[in-house]
Amino acid sequence: MSAIHIVVFLPLLASIVAGLSNRAFGITVPKIITTAGLLAAAGLSWSIFIPFLTGTAQANVAPVSTWIVSGGMDIAWELRVDALTAVMLVVITSVSALVHLYSWGYMSEDPDQPRFFAYLSLFTFAMLMLVTANNLVQMFFGWEGVGLASYLLIGFWFRKPSANAAAIKAFIVNRVGDLGFMLGIFGTYLVFGTISIPEILQAAPSMAGSTIGFLWFRADTMTVLCLLLFVGAMGKSAQLGLHTWLPDAMEGPTPVSALIHAATMVTAGVFMVCRLSPMFETSPTALAVVTAVGAATCLFAATIGLVQTDIKRVIAYSTCSQLGYMFFAAGVGAYGAAMFHLFTHAFFKALLFLGAGSVIHAMHHEQDMRFYGGLRKHIPLTFWAMMAGTLAITGVGIYGVGGFAGYHSKDAILEAAWASGPNGYGAFYVGTFAALLTSFYSWRLMFLTFFGKPRWAGSEHIQHAVHDAHGHHGHDDHAHHDHDAHPAAEDAGHAPSAHDAHASDVVEGTAGYHPHESPIVMLIPLIVLTIGAVAAGYVFHHWFIEPESGETFWKGSLFFNEHLMHAMHGVPLLVKLAATIVMLVGLVSALYVYIIRPGTAAGIADTFRVLHRFLLKKWYFDELYHLLFVRPAFALGRFFWKRGDEQTINRFGPDGSATLVNLSSRLAVRMQTGYLYTYAFVMLIGLTAAVTWAIAS
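Bear in mind the structure is a predicted one, so any value in this text is a computation, not a measurement.

Visitor: Help me understand the overall build of the chain, please; the structure alone is not making it clear to me.
Guide: Of the regular secondary structure elements, the chain holds 29 helices and six strands. Taking the principal axes of the C-alpha coordinates as reference, the chain spans close to 120 × 75 × 55 Å. Evaluated residue by residue, the chain yields a buried proportion of 55% over its 697 residues. When contacts within the chain are restricted to residue pairs at least 6 apart in sequence, those whose partners lie at least 24 apart make up 79%. As presented, the chain carries roughly 28400 Å² of accessible surface, and 69% of it is formed by carbon and sulfur atoms.

Dropping the structure here:
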């Protein structure tokens, strides 16, 4: 058994043990088993990754077993290890291990911790299966596995209706994308006669220019296959059109958001496109679609993040926007830059989510930023951790010197977009404007949360906490609900109303509440992720995107355009400085609106009331989908239920048969009077009829 076998299957074993443990094991043993398993997997993942950095490792395939043999199809269960896999192994296991550790503190009051930790490890196993797949069927197995685990984790607090609704929504929206992914796999097997990824990528260039029949017309073969596969990526990575599940997924516990909706599952689509990059390179049309969708998502999500008041939803839309950057990087051919941003994003976005969880923990589960303010002195370690995450996501750095993680990876994407030529200019301009919006809403989050005067008095959560602390027991049920049940207190399911974009109407004051820093078990992951957010970009950019070293590092695990990487260094100086300039504009704007002139936000919202409401309603996607899909689906279901099932099938089927039997029995009952002369009369009639029949015969 090799290291990769242990990395992949250790989380599965830990999940099974934790999930099947009974009360005799208690709460601590399952937590120890799952956390230790992930820490060991993370250590082994780094031991696999580092040799690829030093150039001493070679791509290899570790067999597991024969899986499916049917006719000419022979699908083996194998684990592929190359540079691309190694990057994902490090991201998945490192973040998962830190989330497991963080959850010791965050979920300490939840009675269902063994189940929670079992779900976390199950998700990690499914994601590892996805990224180590050597064939499309195994990739689809992991693809669906992370969908299942995501459903379980989003709906972990299943007694909470909004959590159940969010889990179902995520499951259904992802099924739409998965349909496209399945059709892409079927079509790929039809065209290439194999589902082996290496064989498909080797044969892909020979199919360029060929056509295939699809939906009553003929189209370019590789364009059809790539677009179908990309539909799957859009669903899993929450791209525009199939993005609606991601913000509602914040109903799950905050550690789930950090693991699934920031660092791992939502990046599965980006990974798949990069893994199959030689296929996408054969279709300029498919690449153009990937670029357009990525750029549109990048801008769309950033605009919505401007007006959100829930701290987790701001970061969720930020995730959606950053995924757009990764996709349009892939669309312009900069797959190395896309994976580089995926790598750095995992650290600073997980840091921001876990930091937000620490703030929520300190504020008695309050998530509305309008009721924060002045927290930097009360939770200084959380403040500095989130400051590092904010500096990373906004791309703070000094040209020619270096900077935080996002400075290296996001700037590389924008430079690659420009260097790719006219096809990438539009993505560059959109990405640059989105960077301005990212800076604004990121600093808005920091200013509303940690600066200014405390606005805690208006929070119901804080009021209940103070009420309980003063020894009042009239709300013991509520207190128990907040602390022990925990789910109802952490509520990300409600979008702000049209009057919720600013904090000008919120009552100032502390209400006597004293925020507290998180326990050490929650702070250790923040410290580790802070190091990644600060240094990951500077340390690793050499291997990911530099022309010569990048080609050596990736070794064909993705399509690496060395010419494009060289062209990035030759873009105009203004292009290189664009991201830094707009970052400063966003910072200064947020500083003016929320610190220097705090009432400005309310004035802007009132002046641009229509636009403001449009953004608060998230471009009306939910309402549109409800009108186009949800209501017709319910109407169709109600029609088949009432008219088809009840009034047709039941009426003439089981209900009709039962009614007929009932009527027949009533007639029979009327004949059974219990009087002797009645029975004698019936016998006489019968005897007469028999004699008459005999004579007539």
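Visitor: What is the right way to read the pairing of strand E1 (residues 60–70) from this model?
Guide: Within a regular beta strand, the side chains point alternately toward one face of the sheet and then the other, so they alternate between its two faces. Both E1 and strand E2 (residues 73–81) contribute to a ladder of nine bridges, which runs antiparallel. For Pro63, the partnering residue across the bridge sits in E2 and is Glu78.

Visitor: Teacher, can you tell me more about the side chain of Asp310 here?
Guide: Relative to the elements of secondary structure, Asp310 occurs in the loop between helix H13 (284–305) and helix H14 (311–331). This buried residue, Asp310, is left without a salt bridge; Arg313 holds the nearest opposite charge, at 5.0 Å. Within the local environment of Asp310, its side chain forms a polar contact with the backbone nitrogen of Lys312, the two atoms lying 2.8 Å apart.

Visitor: How do you make sense of the packing of helix H18 (residues 422–450) against helix H24 (residues 573–596) when you look at a structure like this?
Guide: The relative placement of two packed helices is expressed as an angle between their axes plus a distance between the axes. Their axes nearest at 8 Å, the elements H18 and H24 cross at an angle of 35°. In the crossing of H18 with H24, the sense of the turn from one axis to the other is right-handed. Of the residues that constitute the contact of H18 with H24, the class distribution is 18 nonpolar, four polar and one charged.

Visitor: Which parts of the structure should I look at to understand the packing of aromatic side chains?
Guide: By convention here, two paired aromatic rings are described through the distance between centres and the angle between planes. A full pass over the atoms with the stated rule returns 45 aromatic pairs. Each ring, one from Phe300 and one from Trp619, has its centre 4.9 Å from the other, and the planes form 85°; the classification is edge-to-face. Of the two residues, Phe300 sits in helix H13 while Trp619 sits in the loop between helix H26 (609–616) and helix H27 (621–652), which places them 319 residues apart along the sequence. Overall, Phe300 belongs to the buried group, its relative accessible area being 0%.

Visitor: Is there a simple way to think about H26 in this case?
Guide: For an α-helix, the turn length of 3.6 residues means that residues three or four places apart are oriented alike. Buried within H26 are the following residues: His612, Leu615 and Leu616. Along the axis of H26, the buried positions cluster into a sector of 100°, meaning they face one direction only. Packed against the buried residues of H26 are H13 and helix H25 (600–607). Directly beyond the C-terminal end of H26, a positive phi value near 60° is found at Lys618.

Visitor: Help me understand the pairing of strand E4 (residues 217–220), please; the structure alone is not making it clear to me.
Guide: Bridge analysis of strand E3 (residues 211–214) against E4 gives four bridges, and the strand direction is antiparallel. Paired with Gly213 across the two strands is Arg218, which belongs to E4. Linking E3 back to E4 in an antiparallel pair, the connection comprises two residues, with Leu215 at a positive phi of about 55°.

Visitor: Where do I start with the nonpolar core in this structure?
Guide: Soluble globular proteins tend to bury their nonpolar side chains together. Counting 204 residues, the largest nonpolar core has Met279, Phe280 and Trp554 as the members making the most contacts within it. If you tally residues by element for this core, the top one is helix H15 (residues 335–362), at 19 residues. Ignoring any residue separated from it by four or fewer positions in sequence, one finds Met279 in contact with Thr188, Ile200, Leu201, Ala204, Met222, Leu225, Cys226 and Leu229.

Visitor: Would you explain the packing of helix H5 (residues 136–154) against helix H6 (residues 161–192) in this entry?
Guide: Between H5 and H6, whose axes approach to 9 Å, the crossing angle comes to 175°. In this view, H5 runs roughly antiparallel relative to H6, as classed from their interaxial angle. Side by side, H5 and H6 meet where Leu136, Met139, Phe140, Trp143, Glu144, Gly147, Tyr151 and Ile154 of the first sit next to Ala163, Ala166, Ala167, Ile168, Ala170, Phe171, Arg175, Asp178, Phe181, Met182, Ile185 and Thr188 of the second. Residue composition of the contact of H5 with H6, by class: 15 nonpolar, two polar and three charged.

Visitor: Help me understand the side chain of Thr124, please; the structure alone is not making it clear to me.
Guide: Here Thr124 shows up in helix H4 (residues 113–131). The class for Thr124 is buried, based on a relative accessible area of 0%. Non-local contacts of Thr124, meaning those with residues more than four positions away in its chain, are made with Pro11, Leu38, Ile92, Ser96 and His100.

Visitor: Sorry if this is basic, but what is going on with the pattern of salt bridges here?
Guide: In a structure, side chains of opposite charge can pair up when their charged atoms sit close to one another. Scanning all chains against the criterion turns up twelve salt bridges. What emerges from the salt-bridge pattern is a single network uniting Lys169, Asp248, Arg313, Lys618 and Asp622.

Visitor: Please explain unusual backbone geometry as it appears in this structure.
Guide: Note on backbone geometry: most residues besides glycine have negative phi, and most peptide bonds are trans. With a phi angle near 50°, Lys555 is a residue other than glycine that sits in the positive phi range. With respect to the element layout, Lys555 can be found in the loop between helix H22 (547–554) and helix H23 (562–568). According to the relative accessible area criterion, Lys555 is partly exposed, its value standing at 34%. With phi around 60°, Lys618 is a residue other than glycine that occupies positive phi space. Relative to the assigned elements, Lys618 resides in the loop between H26 and H27.

What counts and how
- Residues numbered from 1 in each chain as written.
- Predicted model: local features only at pLDDT ≥ 70, side-chain atom pairs only at ≥ 80, totals over all residues.
- Heavy atoms only, no water.
- Helix = DSSP H or I, 4+ residues; strand = E, 2+ residues; numbered from the N terminus.
- Buried < 20%, exposed > 50% of the residue type's maximum accessible area, 1.4 Å probe, protein only.
- Contact = heavy atoms within 4.5 Å.
- Areas by Shrake-Rupley, 256 points an atom, 1.4 Å probe, with all protein chains shown as cover.
- Pairing = 2+ DSSP bridges.
- Lys, Arg positive; Asp, Glu negative; His and termini not counted.
- Salt bridge = Lys/Arg side-chain N within 4 Å of Asp/Glu carboxyl O.
- Polar contact = N/O pair within 3.5 Å; in protein donor to acceptor, adjacent residues only side chain to side chain.
- Axes fitted to C-alpha atoms, helices over the stretch in contact; angles between N-to-C directions.
- Left-handed = near helix turned anticlockwise from the far one by under 90°.
- Nonpolar A, V, L, I, M, F, W, Y, C, P; charged D, E, K, R; others polar.
- Phe/Tyr/Trp six-rings, centres within 6.5 Å; stacked < 30°, edge-to-face > 60°.
- Arc of directions from axis to C-beta.
- Core = buried A, V, L, I, M, F, W, Y, C linked by side-chain atoms within 4.5 Å.
- Parallel < 35°, antiparallel > 145°, perpendicular 65-115°, else oblique.

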